[in-house]
Amino acid sequence: MNKKSMTKGFSRTIALLLVAVLIASMAGCGKESGNKVGVGFVITEDDCIYYSNESDNGHIYRVLTDGTSRKKINDDNSSEIKIEGEWLYYVNVDDGYTIYKIGTDGEGRSKLNDDYSSEICVEGEWVFYVSNNDGQSIYKIRIDGGERTKFNDENSRKINVVDGWVYYTNVNDGDYI
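Model, not experiment: these values are computed from the prediction.

Draft legend 1. Representation of the pairing of strand β13 (residues 156-162). Alignment of β13 against strand β14 (residues 165-170), held across five bridges, turns out to be antiparallel. Bridged to valine 162 within β14 is tryptophan 165. Linking β13 to β14, which pair antiparallel, is a turn of two residues; within it aspartate 163 sits at a positive phi near 50 degrees.

Here it is in structure tokens:
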């Protein structure tokens, strides 16, 4: 592959990422709400875009919004990327859908739990998630992986935490909030 076709392919990737960010923000999934809910394959923070690169086994990459300074952040098949401060939180598909965190610079990677996790939401010092090991009940753990606490006994999904209130849909109750 020559340099011109590589540049064209990279430019197309950046354009697609920017379109995804625009669509997400129009759907209420920008940094403020997108960090809290949603699948989280693309997230923005300041002038950076973090994304799960499906062309590279779902590894997280960071690129500036102008398309420069592309950097690989991890080697995990990652989904549900969230950002809080200088940390990215994500579900590591390669490790049984467990939750990990890593610095936005790619340093300090650590595993936070052992549950088959989905629907993660980061709020302050806590990570909320659905445990698929326990009937899809909601759990919370500290951002350092400590104090794992069961939050409910309901088949839950679509978690969002706003001003200390935890919102979710109850599958057994017709997906009502």
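Now that the structure has been shown, the text picks up again.
Draft legend 2. Highlighting the packing of aromatic side chains. Here the structure, examined in full by the defined rule, presents five aromatic pairs. Aromatic side chains tyrosine 51 and tyrosine 61 sit 5.8 Å apart centroid to centroid with 20 degrees between the ring planes, which places their arrangement in the stacked category. Taken together, the residues tyrosine 51 in strand β2 (residues 48-53) and tyrosine 61 in strand β3 (residues 59-64) connect sequence positions ten residues apart. Residues tyrosine 51 and tyrosine 61 agree in their burial class; the two are buried.

Draft legend 3. Seen up close, the side chain of lysine 101. With respect to the secondary-structure elements, lysine 101 resides in strand β7 (residues 98-103). For lysine 101, which is buried and forms no salt bridge, the nearest opposite charge comes from aspartate 144, at a distance of 7.0 Å. At 3.1 Å, the side chain of lysine 101 and the backbone oxygen of isoleucine 143 are in polar contact. Look past the residues within four positions of lysine 101 in its chain and what remains in contact with it is Trp87, Leu88, Tyr89, Tyr90, Gly108, Arg109, Ser110, Leu112, Ile143 and Asp144.

Draft legend 4. Structural view of unusual backbone geometry. Here the phi dihedral of aspartate 46 falls at roughly 55 degrees; this positive angle occurs in a residue that is not glycine. Inspection of the secondary structure puts aspartate 46 in the loop between β1 (42-45) and β2. A relative accessible area of 73% places aspartate 46 in the exposed class. Positive phi, close to 50 degrees, is recorded for aspartate 163, a residue that is not glycine. Summarising the element assignment, aspartate 163 is placed in the loop between β13 and β14.

Draft legend 5. Up close: the sheet that holds β7. Reading across from one edge, β5-β6-β7-β8 is the order of the four strands in this open sheet, with antiparallel pairing throughout. Two strands lie at the open edges of the sheet, namely β5 (78-84) and β8 (110-111), each paired on one side alone. Inspection of the sheet shows β5 paired to strand β6 (residues 87-92) by five bridges, in the antiparallel sense. Bridge pairing in β6 links isoleucine 83 to leucine 88.

Draft legend 6. Region of interest: a nonpolar patch on the surface. A cluster of nonpolar side chains, Val162, Trp165 and Tyr167, forms an exposed patch at the surface whose accessible area comes to about 330 Å². Within the secondary structure layout, tyrosine 167 lies in strand β14. With relative accessibility at 39%, the residue tyrosine 167 sits in the partly exposed group.

Reading the values: rules and limits
- Residues numbered from 1 in each chain as written.
- Predicted model: local features only at pLDDT ≥ 70, side-chain atom pairs only at ≥ 80, totals over all residues.
- Heavy atoms only, no water.
- Pairing = 2+ DSSP bridges.
- Helix = DSSP H or I, 4+ residues; strand = E, 2+ residues; numbered from the N terminus.
- Phe/Tyr/Trp six-rings, centres within 6.5 Å; stacked < 30°, edge-to-face > 60°.
- Buried < 20%, exposed > 50% of the residue type's maximum accessible area, 1.4 Å probe, protein only.
- Lys, Arg positive; Asp, Glu negative; His and termini not counted.
- Salt bridge = Lys/Arg side-chain N within 4 Å of Asp/Glu carboxyl O.
- Polar contact = N/O pair within 3.5 Å; in protein donor to acceptor, adjacent residues only side chain to side chain.
- Contact = heavy atoms within 4.5 Å.
- Patch = residues over 30% accessible without salt bridge, like charges linked within 9 Å, V, L, I, M, F, W, Y side chains within 5 Å.
- Areas by Shrake-Rupley, 256 points an atom, 1.4 Å probe, with all protein chains shown as cover.

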